[in-house]
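What follows is each chain in one-letter form.
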Number of protein chains: 2
Amino acid sequence: MQLNKHFSEISESYLFSTIGHKVAAYQAANPDADIIRLGIGDVTLPLAKSVIEALHRAVEEMGHKETFRGYIPSEQGYDFLREAIQGYYAGHGVAVGTDEIFISDGAKSDLGNFLDLFDVNNTVLVPNPVYPVYVDDNVMAGRKILYMPATAENAFLPMPDDAVHADIVYLCSPNNPTGATYTVAQLEKWVAWAKKNQAVILFDAAYECFVTEPGCARSIYEVPGAKECAVEVCSFSKIAGFTGTRCGYTVVPQALAQDGTQLNKLWMRRQTTKFNGVPYIVQRGAEAVFTTEGMREIQQNLDYYRNNAAVIAAALDEVGVWYCGGKNSPYIWLRCPAGMKSWDFFDWLLETAHVVGTPGEGFGSCGEGYFRLTAFGDAEKTKEAARRLKEAIKTL
Amino acid sequence: MQLNKHFSEISESYLFSTIGHKVAAYQAANPDADIIRLGIGDVTLPLAKSVIEALHRAVEEMGHKETFRGYIPSEQGYDFLREAIQGYYAGHGVAVGTDEIFISDGAKSDLGNFLDLFDVNNTVLVPNPVYPVYVDDNVMAGRKILYMPATAENAFLPMPDDAVHADIVYLCSPNNPTGATYTVAQLEKWVAWAKKNQAVILFDAAYECFVTEPGCARSIYEVPGAKECAVEVCSFSKIAGFTGTRCGYTVVPQALAQDGTQLNKLWMRRQTTKFNGVPYIVQRGAEAVFTTEGMREIQQNLDYYRNNAAVIAAALDEVGVWYCGGKNSPYIWLRCPAGMKSWDFFDWLLETAHVVGTPGEGFGSCGEGYFRLTAFGDAEKTKEAARRLKEAIKTL
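Calculation criteria
Each chain has its residues counted from 1, following the order in which its sequence is written. Lettering for chains starts from A, numbering for ligands starts from 1, and both go in the order in which the items are written. Restriction of local features to residues with pLDDT of at least 70 applies here, the model being predicted, together with a cutoff of 80 or more for giving and counting side-chain atom pairs; totals for whole chains, interfaces and linings are based on all residues. Only hydrogens and water are set aside when side-chain values are computed; all heavy atoms of the structure are taken into account. Strands here are runs of E lasting at least two residues and helices are runs of H or I lasting at least four, both read from the DSSP assignment and numbered beginning at the N terminus. The reference for a compact globule is 2.2 Å times residues^0.38; the radius of gyration itself is calculated from the C-alpha atoms. Relative accessible area decides the class of each residue, using a 1.4 Å probe on protein chains only: under 20% of the type maximum gives buried, over 50% gives exposed, and in between gives partly exposed. Using the Shrake-Rupley algorithm and a 1.4 Å probe, accessible areas are obtained, with residue cover drawn only from the displayed protein chains. Each pair of aromatic rings taken from Phe, Tyr and Trp, with Trp reduced to its six-membered ring, is defined by centres within 6.5 Å and is described as stacked if the planes are under 30 degrees apart, edge-to-face if over 60, and tilted in the remaining cases. A positively charged side chain is recorded as over a ring if its NZ (Lys) or CZ (Arg) lies within 6 Å of the ring centre. The angle to the ring normal must also be within 35 degrees. The copies were overlaid by least squares, fitting only the C-alpha atoms of residues that reach a pLDDT of 70 or more in each copy. Working rule for contacts: check all heavy atoms of both residues, and any pair within 4.5 Å makes them a contact. Lines fitted to the C-alpha atoms define the axes, with helices restricted to the stretch that makes contact. Angles between their N-to-C directions range from 0 to 180 degrees. What sets the label is the angle itself: under 35 degrees gives roughly parallel, over 145 gives roughly antiparallel, 65 to 115 gives roughly perpendicular, and the rest give oblique. Helix crossings fall into two classes, left-handed where the near helix is turned counterclockwise from the far one by less than a right angle and right-handed where it is turned clockwise. Note that Gly is not counted as nonpolar here; it falls among the polar residues with everything else outside the nonpolar set of Ala, Val, Leu, Ile, Met, Phe, Trp, Tyr, Cys and Pro and the charged set of Asp, Glu, Lys and Arg. Paired strands are those between which DSSP finds at least two bridges. All the domain ranges listed were derived from an automatic or database domain assignment. Salt bridges are counted wherever a side-chain nitrogen of Lys or Arg sits within 4 Å of a carboxyl oxygen of Asp or Glu. Pairs of N or O atoms are called polar contacts if they sit within 3.5 Å, as long as, within protein, a hydrogen donor faces a hydrogen acceptor (for residues adjacent in sequence, only side-chain-to-side-chain pairs). Each nonpolar core is a collection of buried residues, namely Ala, Val, Leu, Ile, Met, Phe, Trp, Tyr and Cys, held together in the definition by side-chain atoms within 4.5 Å.

Novice: Sorry, what's going on with the overall build of chain A here?
Specialist: Across its full length, chain A holds 12 helices and 15 strands. Against the 2.2 N^0.38 benchmark of 21 Å for 396 residues, chain A shows a C-alpha radius of gyration of 21 Å, consistent with a compact globule. Split into buried and exposed, the 396 residues of chain A put 65% on the buried side. Surface summary for chain A: the accessible area is close to 13600 Å², and the carbon and sulfur share equals 52%.

Novice: I keep staring at the packing of aromatic side chains and nothing clicks. Help me out?
Specialist: Given two aromatic rings, one states the distance between the centres and the angle between the planes to describe the pair. Counted by the stated rule, this structure contains 58 aromatic pairs over all chains. The interplanar angle of 80° and the centroid separation of 5.7 Å between the aromatic rings of Tyr304 of chain A and Tyr305 of chain A together place this pair among those described as edge-to-face. According to the relative accessible area criterion, Tyr305 of chain A is buried, its value standing at 3%. Here a set of aromatic residues connected by ring pairs shows up, and it is made of Phe16, Phe156, Trp322, Trp333, Phe363 and Tyr370 of chain A. Over the aromatic face of Phe80 of chain A sits the side chain of Arg284 of chain A, whose NZ or CZ is 3.6 Å from the ring centroid. Seen from the ring of Tyr331 of chain B, Arg372 of chain B lies directly overhead, with NZ or CZ sitting 3.9 Å from the centre.

Novice: Help me understand the relation of the copies chain B and chain A in this model?
Specialist: Superposing the two chain copies requires a rotation about an axis and a translation along that axis. Overlaying chain B with chain A gives an RMSD of 0.0 Å, the required rotation being 180° about an axis along which the chain moves by 0.0 Å. On the angle and the small slide along the axis, the relation comes out as a two-fold axis. Scanning chain B for the C-alpha nearest the rotation axis identifies His56 of chain B, at a separation of 3.1 Å. A share of 100% of interface residues in chain B that are also interface residues in chain A marks the association as one of identical surfaces.

Novice: Help me understand the environment of Thr245 of chain A in this model?
Specialist: If you trace the backbone, Thr245 of chain A turns up in the loop between helix H7 (237-240) and strand E8 (248-251). With 131 residues separating them in the primary sequence, Thr245 of chain A and Phe376 of chain A have C-alpha atoms 16 Å apart. Setting aside its immediate chain neighbours within four residues, Thr245 of chain A contacts Leu47 and Val282 of chain A together with Met62 and Pro279 of chain B.

Novice: Is there a simple way to explain the packing of helix H3 (residues 79-91) of chain A against helix H9 (residues 280-289) of chain A in this structure?
Specialist: When two helices pack together, their arrangement is given by the angle between the helix axes and by the axis-to-axis distance. Residue and element names in this part refer to chain A. The interhelical angle for the contact between H3 and H9, taken along N-to-C directions, is 25°, at an axis separation of 9 Å. In terms of their interaxial angle, H3 and H9 are classed as roughly parallel. Between H3 and H9 the crossing geometry is left-handed. Contacts between H3 and H9 pair Phe80, Leu81 and Ala84 from the former with Tyr280, Gln283, Arg284, Ala286 and Glu287 from the latter. For the contact of H3 with H9, the residue count by class is 5 nonpolar, 1 polar and 2 charged.

Novice: I would appreciate a short explanation of the sheet that holds strand E5 (residues 168-172) of chain B in the present structure.
Specialist: Working definition: the strands of a sheet are paired by backbone hydrogen bonds and lie parallel or antiparallel to each other. All names here are of chain B. Reading across from one edge, E2-E8-E7-E6-E5-E3-E4 is the order of the 7 strands in this open sheet, with mixed pairing throughout. In this open sheet, the two strands that pair with only one neighbour each are strand E2 (101-104) and strand E4 (144-149). With direction set aside, neighbouring strand axes in the sheet form an average angle of 20°.

Novice: What exactly am I supposed to notice about the domain arrangement of chain A here?
Specialist: Where interface size is given, it is often the accessible area lost as the parts come together that is meant. All names here are of chain A. By domain assignment, chain A separates into domain 1 (5-47 + 293-394) and domain 2 (49-291). With 38 residues of domain 1 in contact, the opposing surface of domain 2 contributes 48 residues. At the surface where domain 1 touches domain 2, the tally comes to 0 salt bridges. Counting every contact that joins domain 1 to domain 2 gives 16 residue pairs in polar contact (both at pLDDT 80 or more). Of all the secondary-structure elements, those providing two or more residues to the side of domain 1 that touches domain 2 are helix H10 (292-318), strand E11 (323-325), strand E12 (331-335) and strand E15 (370-374). By residue number, the principal contributor to the side of domain 1 that touches domain 2 is H10, which donates 8 residues. Residue classes in the side of domain 1 that touches domain 2 are distributed as 19 nonpolar, 11 polar and 8 charged.

Novice: Looking at this structure, I do not really get the nonpolar core. What am I missing?
Specialist: Nonpolar side chains in soluble globular proteins tend to end up buried together. Formed by 295 residues in total, the largest nonpolar core has its most connected members in Ile201 and Phe236 of chain A together with Ile201 and Phe236 of chain B. Excluding anything up to four places from it in sequence, Ile201 of chain A contacts Val169, Leu171, Trp190, Val191, Ala194, Ile220, Cys229, Ala230 and Val231 of chain A.

Novice: Would you take a moment to explain the sheet that holds E11 of chain A for this structure?
Specialist: Residue and element names in this part refer to chain A. Here we have 4 strands laid out as an open sheet, ordered E11-E12-E15-E14, and antiparallel in their pairing. What marks the edges here is a single partner per strand, and that holds for E11 and strand E14 (358-359). The sheet contact formed by E14 and E15 spans 2 bridges and is antiparallel. Pairing of Thr358 across the sheet is with Arg372, part of E15.

Shown next as structure tokens:
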């Protein structure tokens, strides 16, 4: 057999695995260190009451012959959940058909698997820095990748360049790691560029629930015509704390086609062949997120995390460290103090303050000199981490 | 963008989707018809009591901050489940390391996704007939496929041919759809052939729990040296009725390498990039399968299905229809009576007896003239279906 040679072109370990190993090694060497983890964007609040009740009910159904559910009738997901998501979109003024929504086990899976639909000979355009799987997924497949710098100069929101042609472009807004969020007006320019280039936009909206500022987009479909050029990938991980419960969804509009072939049909074919759907129990839990009571509980959780962001921001303000994010996003993106490099600051912060964050360089070369902190931690621990961060930086 | 042109080379609809649509159309046209479905291999018994209790406990944990679980610590799966699977293997005399076991959301996903590890330029060897995704997965990727006929002459168990070279070979035992099961002695020949050809065997053991005959293999690793050339894919769908709960596992031995690269490492890299693991709740449910009480409950369910197979077999015996399977397998593979073709028999049986099965031709050209019935139905309905089948065939 011949192995896929492109695996040798990606770094051997995934960013968050590397961090996990580094922290584990430090903890092993310093068993008494009270480490606070604000690195990986993992949530800490329990699932909402409505979700827990729905999960219990679904488990109970699976235990009785009359209500037991076998194979999911469609790999695309149960109607009840796709209808609930349709309603959620309608709530912010976006019309999406239930036949355009595909339930997945998470955004990460779909962001990778969706590439099965494309030839290897496509050029991919990726922001730098950004969530690292966009790059790894495409390096693994052997596609040519172009980067667009996201820097303080463009407010970490790269705009289309008419001189650049690409076939597949990733946009992540609110952005991971920078927290920068495109306005609808900015996305209009991306849609126009995509149409001109016959390109497809893979729009990662995993953090849309954090958007509060008017004018900022929660969905790329707020832009007229976006359905002809964009796929939107979303997740229950952040809105509802499903990082360990695993559910997401991908919107593939019927209007999105190339040379007369609808991508919706191709994706359906891919999923019916290589996927068997998301557990019935989990789909019932996800459905509960969109009930009136579920949404109320979820908003309380989001406010809890927003408050964490404010606590971290206040500490950085106090010691004069530049940062952005934390407004439409659960991430604070800060410039490493004293001109430190990302991984140096990572080590320094771990050793000095026992606080774990994510080195900006791990998200791409333009992230060098920056650092990401997450607001998904426990409130008390976040306060303590902010205090330690502040005190440590004061000593520099 | 350029689409993956190979999608146009596979049939537009997946076999079981086609059957689903045909049956739905017939039911719509004949709303009073009491259709019994023995087509798709879906289970009908509820989850075992031990599993339900474990699921409830895990849901409860997710509802409290102290016991809540976020991202799965390793995409490979929780230690507790990998250790339970290791114990299950040990129970039939096979030693597997926990670092060799990867928890998945089902065999179908892994059978497709594992191909990411291989170059397009590999020749794939596939039995004919067989579970259709092996072929579709590889057509989609543009690989060359060779078929090995599984016929009544070779007892539906094709053996290696020294004149044939291939790089990737799929074996499914107990076989879907024929129920034919390799002995350890037969698999020894496959292992020897694979080593000679530097080929990898993708061994689909999804039905291993039905094996009862001495000498028949439950795992390819019962063959000495198989760890150097075989990956084994397994599932909770059939052993524990997880078709709608979604969990499986894939064993990638440390000893399996090509040109010095371990496939275990590549698969870990693929999974950490494109997958986020199986829900904590589901992993706890799966763990309960392997407890003493869980295994006792599971065996009762398997016996229930085995009895269904015996009921169908007895009906076929009575009317002199040739069949195999149903012994180490939940599938009965019968020769269509009166020389009917597979899809003709499908239509005839649906119209005459309101019984749904799966046309053998749907599993490959060598399945033409054959038909698959599943033993996973409700016992009363299976009895009724067997009665109708018998009466209908008598009229021919």
